[in-house]
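# Working through the structure, step by step
Single-letter residue listing:
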Amino acid sequence: MSVIPLVFTSGWASGINAYAVVLLLGVFGATGVSDEVPAALQRTDVLIVAGVLFLCEVVADKIPYVDSVWDTAHTVIRPVAGAVIAALLAGESGSLPELAAGAIGGSTALMSHLVKAGTRMAVNTSPEPFSNIGMSIAEDLGVAGVVTFAIFNPVAAAIVAAVLLVLGIVTVLFLASRIRRFLRRRAQRREEKHLAGAEGPWPPG
């Protein structure tokens, strides 16, 4: 079977939590659950690093505004991770050129990352922190569930990932006004910090 469904699904999941994807695929490969996981993802050092970074993301992803800072820092990391994972999967199966697989995985990861980042910006306009925690838990469970499903039924999992991606894009468009509000607040805070730094301590001397 073509590796395209698994490449697409791993790309979608990488855009939300790349470390979880590496960790899950690596564990599935190392334990013999799947023969399609590349050896590079099963290495002990890779699994340890992915596990530590996953724990960091679990914490940062549930703190208002910190989650958006984390997302900004991962604007490049998640698409690159999605492209690398996809290329490794394609190279292992031999059914799809690695460059094409990387393009599919990377672009899908970028789209799902933008959906996640935009949704979090909208959520951060709410004064309570519970929305962030709920969103983070839902994302983690979604990634774990879809990636696990993809190991056993890649085509059905890819369809689920595609539906979730489309729904996410529609949600971001619906929340566009909240996202703009978040960006205005962030720009205002930066300007206030800049002015405070320019004025220096008060009183002078």
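A brief structural summary. Owing to the predicted nature of the structure, the values given are computational and were not obtained by experimental measurement.

### Quick notes on the nonpolar core
Within the largest apolar cluster, 37 residues are counted, with the highest numbers of intra-cluster contacts made by Val-3, Trp-12, Val-21, Leu-25, Ile-85 and Val-143. Counting only elements with at least two residues in this core, the list comes to helix H1 (4–30), helix H4 (77–93), helix H5 (98–123), helix H6 (130–152), helix H7 (154–174) and helix H8 (176–199). Sorting elements by how many residues they give to this core places H1 first, with eleven residues. Excluding its chain neighbours within four sequence positions, the residues that come into contact with Leu-25 are Val-37, Leu-41, Ile-85, Val-147 and Ile-151.

### Side note on the side chain of Arg-120
Note that Arg-120 resides in helix H5. What makes Arg-120 buried here is its relative accessible area of 0%. A distance of 2.9 Å separates polar atoms of two side chains, one belonging to Arg-120 and the other to Glu-139.

### With respect to a nonpolar patch on the surface
On the surface, a cluster of nonpolar side chains totalling about 570 Å² of accessible area is made up of Phe-149, Val-155, Ile-159, Val-160, Val-163, Leu-164 and Leu-167. With six residues, H7 is the largest single contributor of residues to the nonpolar patch. Checked against the element boundaries, Leu-164 lands in helix H7. Taking relative accessible area as the criterion, Leu-164 reaches 36% and is therefore assigned partly exposed.

The rules behind each value
- Residues numbered from 1 in each chain as written.
- Predicted model: local features only at pLDDT ≥ 70, side-chain atom pairs only at ≥ 80, totals over all residues.
- Heavy atoms only, no water.
- Core = buried A, V, L, I, M, F, W, Y, C linked by side-chain atoms within 4.5 Å.
- Buried < 20%, exposed > 50% of the residue type's maximum accessible area, 1.4 Å probe, protein only.
- Helix = DSSP H or I, 4+ residues; strand = E, 2+ residues; numbered from the N terminus.
- Contact = heavy atoms within 4.5 Å.
- Polar contact = N/O pair within 3.5 Å; in protein donor to acceptor, adjacent residues only side chain to side chain.
- Patch = residues over 30% accessible without salt bridge, like charges linked within 9 Å, V, L, I, M, F, W, Y side chains within 5 Å.
- Areas by Shrake-Rupley, 256 points an atom, 1.4 Å probe, with all protein chains shown as cover.
- Salt bridge = Lys/Arg side-chain N within 4 Å of Asp/Glu carboxyl O.

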